[in-house]
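The residues making up each chain are set out below.
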Amino acid sequence: MRKRPFLLLACMFLAGILLCGYRVWILVPAPLLFGWFVLKGEGGRRRRILLVAIPVFLAAGAFRMGGEMRFRGQYLPELRDGQEVRLQGEVAWIEKKSRCVYVYLTNCMLSSRVRCSDVLAYASTDDFSVGQILVVRGTIALFERAANEGGFDAERFYQSRGIDFGLWVSEVERVCREARPWQRALFSLRERIRKSIADCGGADGILSAMLLGEKTELDFEVKQLYQMAGISHILAISGLHVTLLGIGFYHLLRRMGLRYLTAGGLCAFFTLGYGIMTGGSVPTCRAIGMVLVLLAADLLGRGYDMLNALGLVCIVLLWENPFLIGYSGFWFSVAAVLGVGAAGPILTEWGVQPKEEQEEEALDRAKSMSWRERMSARVRAVREGLWTSLGIQLMTLPLVAYSYYELPVYALLINTVVLALVKGLLVLGCGAAAAGMWSVALGSFLMAFCNRILYLYEWLCTVTLGLPAARIIVGCPRPWQVAVYYLLFAAILLLMHKQVSAREGDFKSEGRWTEEGNLELRKPWTGALRVFGVLICSCGLFAILAFRPAGGFEIDVLDVGQGDGIYLRTDEGISMFVDGGSTDVSGVGTYRILPFLKYRGVKRISYWFVSHADADHVNGMKEVLESGYPVEHLVLAEAVRQEEKTADLAALAERCGVQIHYLQAGDRFASGDVVLRCLYPEDGEALAAGKGGEVDLNDLSLVLLLEYGDFRGIFTGDISEAAERKLLKRGACATVDFLKVAHHGSKYSGSSDFLRALSPKLAVISSGRNNRFGHPHAELLERLEDCGCLIYRTQESGEVMVRVKDGRVRVEGYYAGASGLYFGNEKIKKRNSG
């Protein structure tokens, strides 16, 4: 840190942002003490400047974050979903989607002449050019917050990118300014390159994504395969691409004999133009900034330090948009650089050989090199690549767990191959795209080599994902786990560095470096012990992230839109699920149920109960089964065993290796202190409804009574008043604490007699926002209020979380500001959790 003042000041600036944005008051003394500790051995003018700069940058971060929050607070609270506005903005980027065209507008101004941050406009046509200034009319579409744990938080994601809201464009009033000539030239070149890659046979749109950031042609299955294997980073324009192309171009110009100033200027224009042409993502801007710092250092004859350059660029990026602290792409980019510049060199020194020895051997190789020496150099390069890759993986591991809730175990090995070949792939891809503009035959010849490399990537991903424990679900680590992980990792690196430096110093001071020292440091058993030590440390770090404290009994009613999805967990850690589907949320299993399970660190569902096989109760569960997520047992109603939808669901489960069980009234299931009793329907029972006397699946829903100590809950599926009368007649209804309201709040369910018999303290309604059925119906809500129970609606509170401990029940909605409620046997207490 002493030799890298900009990295230290970037940490102070970041601490100021966190202090203002998240009110983490411990960040006031902590960075100041840290700065004093780092600089206590420093002397002279440099130390005085830094001691003044540390609190200045801390205050500057807080000031910048506060200013941005006040700026957005002036107009955002006044905006409403569906509000019609007139907006002026400059087109910054255009992205084609399946349903519409995303037009990113910057330098925006609302109709009331109020300036605002960037806006994402949804247009029906792509007849726009980057650089144009448009005046449009449309309706505001506010970004949705995550409704469940693990869900995608669109509001936070776009806020971190400086985008305030979406806008459905109904009319383009006028174009105030056309695109500048250089902008038109850049994006015309981009389109020519994209067409050339497609004409030359670029496989699955991968090269277009890698070189241009164009993902409209990217095959979804390939993207998913890369992500599951842990190599999806190569599909985005990142620092790796910019650094390889920019620095490679600079070295090429220097070898051609150009002067530093000329080569640096041309490289700067090339890098900046490439960044603009590919969209200027945050990792791209970070890489461009570091390339420019490197060029300036080379031009001025000064040394270039990667970590110091990273600190300087981070200060600039965070000053431009302090909300970047909530953008995972920013943190992945920073962590990758720290892995290369900080962790990689230390691990390489530890695992390969000291730097001085490498330099001495490099001089020897320059004089004469036999084939054995060449082979040794290649093996050494591979080993160095492995250790550097390990440094990157260990540095980004908490971010992977925090973002995806699972870890690809074999990503280290795959990335070693990927990173070794990616430079050649990018060079060949650029050559093929350039050649294809003049000769498709020549471009296709070069593209064939690119496709072979990509086929190798795909093969490696497929093979490794087929190995045991290819992906381990760890859940979302808590902030304290991430902090402990990085502190321990930093301590391990410091100890490694000190031990290697001390041993090298001993050998040098005794004059035994080239003989005894060299032999001692390269003893096979010494290397094996060091590898084993790193392996043990890596497992310990992994265990910190994978640690999940023991939880008690819980019920989580997920917000799946117009449908049902309920998670149950026992004290013994047995996970169960009831239903799982939706009619108004597309991909509910992929985007809501699976992320929730992985976020919570649930590695398998032991029992999945299905009330009935309508789509709003099972289509998400089908997605979960087809994804390969482990489900051990599927429980269905015996009364509908022969029904077509039920048979199809059972057949799918059997193909996925799931055991099928059928319940009828009177059956009982127990797991530890949790007992589930089937109250309805009986075997062979059928209710006719509708024209032609068709079987009404709603009225053949499984009704389950849950008992946990003194706590009782009932899950009623979609039964109507007719089925409720049957339950009352059989005397199956008794007082409960928890009621999952039937049929999403239909007025034809939840009769007064049924509710009086149950007398629930808590009723949860699972229904979609603005659904076409008008659920929950006003008549049902009135009947529930007459019972005096607490009413939670997923459309308002998001996921409803019920925790039971020591006879005390805690209920809370996922959305901030939702009420937290406690109740025991007789009393109810309400607490404001917002």
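Computed from a predicted model, the values in this text were never measured in an experiment.

**Here's the deal with helix α5 (residues 181-199)**
Argument step 1. In this model, α5 (19 residues) spans 27 Å end to end at C-alpha, consistent with the 27 Å of a helix rising 1.5 Å per residue.
Argument step 2. Turning to α5, its buried residues are Gln183, Leu186, Phe187, Arg190, Ile193, Arg194, Ser196 and Ile197.
Argument step 3. Immediately downstream of α5, the backbone of Gly201 shows phi near 90°, a positive value.

**Considerations on the packing of aromatic side chains**
The geometry of an aromatic ring pair is captured by two quantities: the separation of the ring centres and the angle between the planes.
Argument step 1. In total, this model carries 25 aromatic pairs according to the counting rule given.
Argument step 2. Centroid distance Phe71 to Tyr75: 5.5 Å. Interplanar angle 75°. Geometry classified as edge-to-face.
Argument step 3. Site record: aromatic cluster; members linked through ring pairs are Phe143, Phe152, Phe157, Tyr158 and Tyr327.
Argument step 4. A cation sits over an aromatic face here: Arg530 above Trp350, 4.6 Å from the ring centre.
Argument step 5. The lysine or arginine in question, Arg641, covers the ring of Tyr662, its NZ or CZ lying 3.8 Å from the ring centre.

**Here's the deal with the pairing of strand β14 (residues 659-663)**
Argument step 1. Pairing of strand β13 (residues 631-637) with β14 involves five bridges; the strand directions are parallel. Following the sheet pairing, Ala637 is matched in β14 by Leu663.
Argument step 2. A crossover connection joins β13 to the parallel β14 through helix α22 (residues 644-655); in handedness this β-α-β unit is right-handed.

**A closer look at the confidence of the model for the chain**
Argument step 1. Confidence in the prediction of the chain, expressed as mean pLDDT, is 86, and 88% of residues score 70 or more.
Argument step 2. In this model, residues 511-521 is a region of pLDDT below 50 whose contacts with residues beyond four sequence positions or in other chains number 21 contacts.
Argument step 3. Confidence over residues 687-693 falls short of pLDDT 50; this stretch has 11 contacts with residues more than four positions distant or in other chains.

**Notes on the packing of helix α1 (residues 5-22) against helix α11 (residues 306-320)**
Argument step 1. At a minimum axis separation of 7 Å, α1 and α11 run at an interaxial angle of 30°. Comparing the axis directions of α1 and α11 gives the class roughly parallel. Considering the relative orientation of α1 and α11, their crossing is left-handed. Contacts from Pro5, Phe6, Leu7, Leu9, Ala10, Phe13, Leu14 and Ile17 of α1 reach α11 at Leu307, Asn308, Gly311, Leu312, Ile315, Leu318 and Trp319.
Argument step 2. Among the residues forming the contact of α1 with α11, the class breakdown is 13 nonpolar, two polar and no charged.

**Brief notes about unusual backbone geometry**
Argument step 1. Each neighbour pair has its own omega, and for Tyr680 with Pro681 the value is 0°, a cis peptide bond.
Argument step 2. Mapped onto the elements of the fold, Pro681 is located in the loop between β16 (674-680) and β17 (703-708).
Argument step 3. At the junction of His775 and Pro776, the peptide bond is cis and its omega measures out at -10° in the coordinates.
Argument step 4. Among the secondary structure elements, Pro776 is positioned in the loop between β20 (762-765) and α25 (778-787).
Argument step 5. A positive phi angle, close to 60°, is found at Asp579, a residue other than glycine.

**Some details on the nonpolar core**
Argument step 1. Counting residues in each nonpolar core, the largest one holds 71 residues, and the members touching the most others are Leu87, Leu207, Tyr226 and Tyr457.
Argument step 2. In contact with Leu207, not counting residues within four places along its chain, are Ile197, Leu212, Leu425, Gly429, Met447, Cys450 and Leu454.
Argument step 3. Counting residues in hydrophobic clusters, the runner-up holds 34 residues, among them Ile555, Cys678, Leu790 and Val804.

**Describing the sheet that holds strand β21 (residues 790-793)**
Argument step 1. Strand order in the open sheet formed by seven strands is β15-β16-β17-β18-β19-β20-β21, and the pairing between neighbours is mixed. Of all strands in the sheet, those with a lone pairing partner are β15 (668-671) and β21, marking the two edges. When the angles between neighbouring strand axes are averaged without regard to direction, this sheet yields 15°.
Argument step 2. Pairing of strand β18 (residues 711-715) with strand β19 (residues 738-740), which is carried by three bridges, proceeds in the parallel orientation. Within β19, the residue paired with Phe715 across the bridge is Lys740.
Argument step 3. Sitting on the sheet, α25 is in contact with β19, β20 and β21, with an inclination near 145° to β21.

**What to know about the environment of Val741**
Argument step 1. Within the secondary structure, Val741 is located in the loop between β19 and α24 (752-758).
Argument step 2. Given a relative accessible area of 4%, Val741 falls into the buried group.
Argument step 3. As a C-alpha pair, Val741 and Asp718 span 23 residues in sequence and 8.5 Å in three-dimensional space.

**A closer look at the pattern of salt bridges**
Argument step 1. Going through the model one piece at a time under the given rule, you end up with 34 salt bridges.
Argument step 2. Its salt-bridge partner being Glu68, residue Arg72 comes within 3.7 Å of it at the nearest N-O pair. Separated by four residues within a single helix, Arg72 and Glu68 lie in helix α3 (residues 44-73), roughly one turn from each other. The pair formed by Arg72 and Glu68 is uniform in burial state, with each residue classed as buried.
Argument step 3. It is possible to trace a salt-bridge network through shared partners that takes in Glu149, Glu554, Asp556, Arg600 and Arg803.

**Side note on a negative patch on the surface**
Argument step 1. Where like charges cluster on the molecular surface, the negative patch consists of Glu779, Glu782, Glu785 and Asp786.
Argument step 2. Classification of Asp786 as exposed rests on a relative accessible area of 62%.

Reading guide: rules and limits
- Residues numbered from 1 in each chain as written.
- Predicted model: local features only at pLDDT ≥ 70, side-chain atom pairs only at ≥ 80, totals over all residues.
- Heavy atoms only, no water.
- Helix = DSSP H or I, 4+ residues; strand = E, 2+ residues; numbered from the N terminus.
- Expected span 1.5 Å × (residues − 1).
- Buried < 20%, exposed > 50% of the residue type's maximum accessible area, 1.4 Å probe, protein only.
- Phe/Tyr/Trp six-rings, centres within 6.5 Å; stacked < 30°, edge-to-face > 60°.
- Lys NZ or Arg CZ within 6 Å of the ring centre and 35° of its normal.
- Pairing = 2+ DSSP bridges.
- Right-handed = clockwise from strand over helix to strand, strands pointing away.
- pLDDT = per-residue confidence, 0-100.
- Contact = heavy atoms within 4.5 Å.
- Axes fitted to C-alpha atoms, helices over the stretch in contact; angles between N-to-C directions.
- Parallel < 35°, antiparallel > 145°, perpendicular 65-115°, else oblique.
- Left-handed = near helix turned anticlockwise from the far one by under 90°.
- Nonpolar A, V, L, I, M, F, W, Y, C, P; charged D, E, K, R; others polar.
- Core = buried A, V, L, I, M, F, W, Y, C linked by side-chain atoms within 4.5 Å.
- Salt bridge = Lys/Arg side-chain N within 4 Å of Asp/Glu carboxyl O.
- Patch = residues over 30% accessible without salt bridge, like charges linked within 9 Å, V, L, I, M, F, W, Y side chains within 5 Å.
- Areas by Shrake-Rupley, 256 points an atom, 1.4 Å probe, with all protein chains shown as cover.
- Lys, Arg positive; Asp, Glu negative; His and termini not counted.
- Charge placed at Lys NZ, Arg CZ, Asp CG, Glu CD.

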